[in-house]
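Coordinate analysis (summary)
One letter stands for each residue in the lines below.
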Amino acid sequence: MDSIRILDSHTGGEPTRLVLEGGPDLGEGPLDQRLRRFRERFDAFRSAIVNEPRGSDVIVGALLCKPHREECDIGVIFFNNVGYLGMCGHGTIGVIVSLAHLGMLKPGVVKIDTPVGVVEAQLRPDGFVSVANVPSYRKARAVSVDVPGVGVVTGDVAYGGNWFFLVEHDRIPLQVSNVEPLTDLAWRIRQALNAQGYPDVDHVELLGATPTARSRNFVLCPGKAYDRSPCGTGTSAKLACLAADGKLAEGEEWTQESVLGSVFKGHYRWLDREQGTIAPTIMGTAHVTADAKLLLDPKDPFCWGIRG
Ligand code: PYC
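Residues numbered from 1 in each chain as written. Predicted model: local features only at pLDDT ≥ 70, side-chain atom pairs only at ≥ 80, totals over all residues. Heavy atoms only, no water.

As annotated in an unreviewed UniProt entry, the protein is Proline racemase family protein from Steroidobacter flavus. Looking at the Sequence similarities (unreviewed entry) heading of the UniProt record, one finds this comment for the protein: "Belongs to the proline racemase family." (UniProt positions renumbered as here; feature names shortened; annotations may be inferred.)

Put into structure tokens, the structure is as follows:
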């Protein structure tokens with residue numbers, strides 16, 4: 001029976017399943033090409049690893065690969081219950097803490113090759129990880145969408161390694177007891193936005209005030225699961241919007257709280273002020289929850305996962 005060696009962790013409540021051995025052989029080449037190969041030829045592995053019955057809608061998978069870019073130490077391709085991610089902030093923190101748990105990394109800098117660019121992670125001796133993410137920017141400001149059953153919703157479209165629609169929101173309190181109505185609202189917003197000119201946006205981030213951080217968010221991921229962490233790529237997109245609006249100075253600390261109350265710290269440096277492009281850094285920590293093997297039994301009718 002084939003098996004897949006994994007290490008599970010969570011970052012601020014959001015799980016990451018790191019695939020160490022037994023995953024698909026994607027061959028050589030740039031990681032965006034390998035991601036395409038993963039999707040076209042080996043998508044069953046994605047489903048077997050993160051979907052039920054071995055996983056759940058919430059799990060983000062991270063396939064550890066050889067890097068393509070010479071300056072990188074490792075390569076990672078992230079995936080979820082419905083597809084693939086360009087980058088993943090909470091997942092990067094989970095990968096670094098997991099590799100340190102296995103004794104494969106010591107505190108210091110790790111350069112990571114991803115399908116959307118190089119990410120630099122720094123593991124600190126106290127277990128916190130800062131992630132210098134890919135260049136991030138706001139694509140469109142104050143986009144209004146007519147959301148059936150809701151009305152007009154206005155927000156910003158921004159990139160932080162994935163595409164986000166960010167909405168300042170006070171209709172439903174951003175708390176865990178409201179996950180169902182928040183999911184329903186964010187999903188309706190996403191569908192309307194996709195139909196009204198922004199088909200690439202697959203994450204919706206609702207933001208509001210909180211006494212314990214500079215902002216609280218509820219992030220709906222592409223497969224309809226909500227992010228238990230404050231979302232690293234979503235925080236990067238938020239930093240890009242704050243920078244563009246002149247609401248956060250270069251180097252100033254931002255604290256982003258999730259709907260669970262877990263927090264990432266962030267700051268940015270300008271890459272190109274005219275174009276509005278920033279280099280965001282986010283910081284958080286993760287905890288390892290399992291060291292296991294997934295078993296692929298060819299007689300199991302759900303061997304390759306339950307796909308929605
Ligand atoms: O932390 O970037 C992130 C992320 C994306 C989707 C889930 N988490």
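Now, onward.
Below, the discussion takes up the environment of Asp200. Position of Asp200 relative to the elements: it lies in the loop between helix H4 (179–195) and strand E12 (203–208). When its relative accessible area of 56% is taken as the criterion, Asp200 is described as exposed. Through-space distance from the C-alpha of Asp200 to that of Phe164 is 8.9 Å; in sequence the pair is 36 residues apart. (Helix = DSSP H or I, 4+ residues; strand = E, 2+ residues; numbered from the N terminus. Buried < 20%, exposed > 50% of the residue type's maximum accessible area, 1.4 Å probe, protein only.)

What tends to happen in soluble globular proteins is that the nonpolar side chains get buried as a cluster. Of all hydrophobic cores here, the largest spans 55 residues; its most connected members are Phe78, Phe165, Leu206 and Phe218. In terms of residue count, H4 provides more of this core than any other element does, seven residues in total. Residues lining this core come from more than one domain, with at least three contributed by each of domain 1 (2–128 + 288–296) and domain 2 (137–280). With residues up to four places along the chain from it excluded, the contact list for Leu206 reads Val167, His169, Leu174, Leu182, Leu185, Ala186, Ile189, Arg216, Asn217 and Phe218. Core analysis: the second largest hydrophobic core is formed by 20 residues, Phe38, Ala48, Ile49 and Leu294 among them. (Core = buried A, V, L, I, M, F, W, Y, C linked by side-chain atoms within 4.5 Å. Domains from an automatic or database assignment. Contact = heavy atoms within 4.5 Å.)

Right, let's talk about the pattern of salt bridges for a bit. Side-chain pairing between opposite charges can occur once the charged atoms of the two side chains come close. All told, the structure shown has 16 salt bridges when counted by the stated rule. Notably, a salt bridge pairs Glu252 with Arg214, separated by 2.9 Å at the nearest N-O pair. Of this pair, Glu252 sits in the loop between helix H5 (232–244) and strand E14 (254–257) while Arg214 sits in the loop between E12 and strand E13 (215–220), and the two are 38 residues apart along the sequence. Classification of Arg214 as partly exposed rests on a relative accessible area of 40%. Linked by salt bridges that have partners in common, Arg138, Arg141, Asp156 and Asp245 make up one network. (Salt bridge = Lys/Arg side-chain N within 4 Å of Asp/Glu carboxyl O.)

Near the ligand the following residues occur: Glu14, Cys88, Gly89, His90, His203, Cys221, Asp227, Cys231, Gly232 and Thr233. In the model, an oxygen atom of the ligand is placed 2.7 Å from a nitrogen or oxygen of the Gly232 main chain. Within the side chain of Thr233, an N or O atom sits 2.7 Å from an oxygen atom of the ligand. Calculation on the ligand without its partners gives an accessible area of 240 Å², and the protein chains cover 99% of this total. Structurally, the shell around the ligand is a two-domain feature, drawing no fewer than three residues from each of domain 1 (2–128 + 288–296) and domain 2 (137–280). (Near = heavy atom within 4 Å. Polar contact = N/O pair within 3.5 Å; in protein donor to acceptor, adjacent residues only side chain to side chain. Areas by Shrake-Rupley, 256 points an atom, 1.4 Å probe, with all protein chains shown as cover.)

On to the domain arrangement of the protein. Each assigned domain of the protein is listed with its residue range as follows: domain 1 (2–128 + 288–296) and domain 2 (137–280). Taking only C-alpha atoms into account, the centre of domain 1 sits 24 Å from that of domain 2. Every contact between the two is made by 17 residues of domain 1 and, on the other side, 16 residues of domain 2. Of all residues in domain 1, Gly12, Glu14 and Val58 bury the most surface against domain 2, accounting for 32% of the area lost on that side. The interface formed by domain 1 and domain 2 holds zero salt bridges in total. Counting every contact that joins domain 1 to domain 2 gives six residue pairs in polar contact (both at pLDDT 80 or more). Looking at which element gives the most residues to the side of domain 1 that touches domain 2, the answer is helix H3 (residues 89–101), with three residues. (Buried area = accessible area lost by both parts, 1.4 Å probe.)

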